[in-house]
Amino acid sequence: MDRRKNNTLTDAELLDNVFTELGSIDYRKQIKFARYSEPLSNIPYLCERIKSARKLIPNAQLAIVTNTDYLKPIVLDRLREAGLDRIYMSLYLRRREKWSLELAHTHTEKLAKKLGTPILTRRATPRSLRCTFSYDGIELVSACINFAEYGTDRGSTMEQYTQQERLGPCREPFETFVIDYTGSVMPCCNLRSDFPQHQDYLVGDLSKPGTSIFDIYAGRLAAWRRSMIGFDSKGSPCATCKHRDVPDGLVAQVAAHTKKHLYQIGRKDLYKPPDGR
């Protein structure tokens, strides 16, 4: 659902087809109901989709991302009964609030009180606070981030984050498969099929009968993976993206691992060294 523009629901049959394909390979990783939407804006529909996913992909980890506006104890109970495994809770500041670690702790503690779920762990950095909470049956994880200091350019659409060239490889097209509510498949979570400037980057459309997630993954997405594996300049829309970039302290280690793997599979032509990073 994209609640900013409309309340359109992702077609249930489309999602069930995806779940069925994943179930055919006994998929055991994570499925996340997220994107630029609020999944809890329609709780009955969400619970039905979670139940369907749990039935068709019994060994997958099912998760949602929420801004917590609609999250409360009774909703937690319903999500647990439906079969949800994890909730990523994004905490945003109010208008005119300036981020501070103290304020991040305050918002996190308010959430814990609202849900009746004690905070188990806190991991603080100068620009973020990440916490876990105690709730039987679902993993609860929160994040309150200072977006004035950390953010991504969302596929070159946010100029305040386009100041530095991207050189490091990106894991995103290797580790994720992004489906918009329309069935459009994007190579990355930072790209949106409803943005005119991102239209050329669609890699597939699951709303078309007979379209398989496996064909898309082995098709146009393969080219994205090849373009993202080296330590070199990236083309549009990734030229200035900082999402999941390699920290300087890990460059040598990641480069050595990448080189070893590419040489083992006979694709040394794809290896682009760090060149002084």
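So, here's what we can say about the structure. What you see is a predicted model, and the numbers here were worked out from it, not measured in a lab.

It is worth spelling out the sheet that holds strand S3 (residues 86–90) at this point. Strands sit in the order S1-S2-S3-S6-S5-S4 across an open sheet of six strands; the sheet is mixed. Looking at which strands have only one partner, the edges of the open sheet turn out to be strand S1 (30–33) and strand S4 (119–125). When strand polarity is set aside, the average angle formed by the axes of neighbouring strands in this sheet is 20°. In the sheet, S3 pairs with strand S6 (residues 139–145) via five bridges, with the strands oriented parallel. Paired with serine 90 across the strands is alanine 143, a residue of S6.

Moving on to the pairing of S4. Relative to strand S5 (residues 128–133), S4 is paired through six bridges, and the arrangement is antiparallel. From the neighbouring strand, threonine 125 faces S5, where its bridge partner is serine 128. Here S4 folds back onto S5, and the loop between the two strands holds two residues.

This brings us to the packing of helix H1 (residues 12–24) against helix H2 (residues 43–56). Close contact between H1 and H2 brings their axes to 9 Å; oriented N to C, the two are set at 25°. Classified by the interaxial angle, the pair formed by H1 and H2 is roughly parallel. Here H1 and H2 pass one another in a crossing that is right-handed. Within the contact between the two elements, H1 uses Ala12, Leu15, Asp16, Phe19, Thr20 and Gly23 and H2 uses Tyr45, Arg49, Ser52, Ala53 and Leu56. Looking at side-chain class alone, the contact of H1 with H2 contains six nonpolar, three polar and two charged residues.

Definitions and limits used
Residues numbered from 1 in each chain as written. Predicted model: local features only at pLDDT ≥ 70, side-chain atom pairs only at ≥ 80, totals over all residues. Heavy atoms only, no water. Pairing = 2+ DSSP bridges. Helix = DSSP H or I, 4+ residues; strand = E, 2+ residues; numbered from the N terminus. Axes fitted to C-alpha atoms, helices over the stretch in contact; angles between N-to-C directions. Parallel < 35°, antiparallel > 145°, perpendicular 65-115°, else oblique. Left-handed = near helix turned anticlockwise from the far one by under 90°. Contact = heavy atoms within 4.5 Å. Nonpolar A, V, L, I, M, F, W, Y, C, P; charged D, E, K, R; others polar.

Coordinates in, geometry out; function isn't part of it.
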